[in-house]
Amino acid sequence: AIRIAGGESWELRPSLPLLALGRGPSSGDQLFGSVRGRLLRSDDGGANWKATQADPARAFVISISVDPHDPKILYAGTSGEGLLQSRDGGLKWSALSPQLRRTCVRAIVVDPDARGVIWLGTDEGVIGSADGGRSWSSFRQGLPHAMVYSLALDSERGGVLYAGTTAGVFRQEPGGVWSALPGDPGVPAVTALLIDHACGRLLMGTFGAGVFAASLP
């Protein structure tokens, strides 16, 4: 499904089992998606798709993000092959960091206010980079031993980071440790997070249990 008219109406496009979806840099009609782990590109809003020149070929893509500082830079997280990067708008891809080899990257957030800051949700927790992906550090203090399926960064509230995991939702103040979301409804396997500033709430998509909402602290 492709969102149109601000979400008031929806149009169903050709059915594809998308694992991840991201908007491309050139226009609102350019999309990147992962189908059965294969990275595809659409230039017409999802009506037609074609394979990109992703490398390594055996990478299984499960997350996609566009750099807000340079829309020609895109990131693709893979299952066990680390993080891929494209610097030409998605035409060609290459592995970003040898340090991330064998890492399952389920979520990607690029900080819109701090150039070079990238957060990744992995099977081992949250890792981050302050230098555009050249080096990485673990940020696990306060997190349970759980897979991180989704991330959301609240840049309007000082850079609070939210993580959706197999053990619920957690939040981290800049420079602080992780803590459980106040009023967490206790839903497992939070696979998607969206910050709704207009209504002051955090939307949480789950695996098979629907969508939940919680007020932002």
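So, here is what we can say about the structure in this document. Counting starts from 1 at the beginning of each chain's written sequence and moves along it residue by residue. Confidence filtering applies because this is a predicted model: local features only for residues at pLDDT of at least 70, side-chain atom pairs given and counted only at 80 or more, and all residues used for totals across whole chains, interfaces and linings. Neither water nor hydrogens contribute to the side-chain values; these are computed over all heavy atoms in the structure.

1. A short note on unusual backbone geometry
Note: most residues except glycine have negative phi, and most peptide bonds are trans. We apply this condition: Helical segments are the DSSP runs of H or I of at least four residues, strand segments are the runs of E of at least two, and each set is numbered from the N terminus.
The phi torsion at Arg102 lies on the positive side, around 75°, for a residue other than glycine. Locating Arg102 in the fold gives a position in the loop between β10 (94–95) and β11 (105–110).

2. A look at the pattern of salt bridges
Here is the rule we go by: For salt bridges, the criterion is a side-chain nitrogen of Lys or Arg within 4 Å of an Asp or Glu carboxyl oxygen. For the exposure calls, accessible area comes from a 1.4 Å probe over protein chains only, and a residue counts as buried if that area is under 20% of its type's maximum, exposed if over 50%, partly exposed in between.
According to the stated counting rule, one finds 5 salt bridges in the structure shown. Its salt-bridge partner being Asp154, residue Arg157 comes within 3.6 Å of it at the nearest N-O pair. A relative accessible area of 38% places Arg157 in the partly exposed class. For Asp154, a relative accessible area of 0% corresponds to the buried category. For the salt bridge of Glu173 with Arg171, the shortest nitrogen-to-oxygen distance reads 3.2 Å. Since its relative accessible area comes to 12%, Arg171 is described here as buried.

3. Concerning the sheet that holds β10
So the rule is basically this: The rule for pairing is simple: two strands pair if DSSP sees at least two bridges between them.
A sheet is described by the order of its strands in space; here 4 strands give the open sequence β7-β8-β9-β10, paired in antiparallel fashion. Whereas interior strands pair on both sides, the edge strands pair on one side only; in this sheet they are β7 (61–66) and β10. The pairing of strand β9 (residues 83–86) with β10 spans 2 bridges and is classified as antiparallel. Note on β10: the bridge partner recorded for Leu84 is Ala95.

4. Brief notes about empty space enclosed by the protein
Taking a probe equal in size to a water molecule and rolling it over the atoms shows the remaining empty space. To be explicit about the condition: Here a cavity means grid points, on a 1 Å grid over the protein atoms only, where a 1.4 Å probe fits yet cannot get out; a pocket means an open set of points with protein on both sides within 12 Å along at least five of seven lines; lining residues are those with an atom within 4 Å of a point. Grid points are joined across faces, edges and corners, and a volume is the space filled by probe spheres set on the points. We call Asp, Glu, Lys and Arg charged. Ala, Val, Leu, Ile, Met, Phe, Trp, Tyr, Cys and Pro are nonpolar, and the rest, Gly among them, are polar.
If you walk through the whole model with that rule in mind, you get 1 cavity of 30 Å³ or more. What the largest cavity holds in volume is close to 30 Å³. Each residue belonging to the lining of the largest cavity can be placed in one class, and the counts come to 3 nonpolar, 2 polar and 2 charged.

5. Structural notes on the packing of aromatic side chains
Our working rule: Side-chain rings of Phe, Tyr and Trp (the six-membered ring for Trp) are treated as a pair once their centres are within 6.5 Å; stacked means planes under 30 degrees apart, edge-to-face means over 60, and tilted covers the remaining angles.
Scanning the model with the defined rule gives 1 aromatic pair in all. Centroid distance Trp119 to Phe139: 5.0 Å. Interplanar angle 65°. Geometry classified as edge-to-face. Of this pair, Trp119 sits in strand β12 (residues 118–122) while Phe139 sits in strand β14 (residues 137–139), and the two are 20 residues apart along the sequence. We classify Trp119 as buried; its relative accessible area is 13%. Residue classification places Phe139 among the partly exposed residues on the basis of a relative accessible area of 31%.

6. Observations concerning the pairing of β11
Burial of β11 is extensive: 5 of the 6 residues sit out of reach of the surface. Pairing analysis gives 5 bridges linking β11 to β12, with the strands arranged antiparallel. The partner of Ile108 across the bridge, within β12, is Leu120.

Remember, this is a structural readout, not a statement about activity or role.
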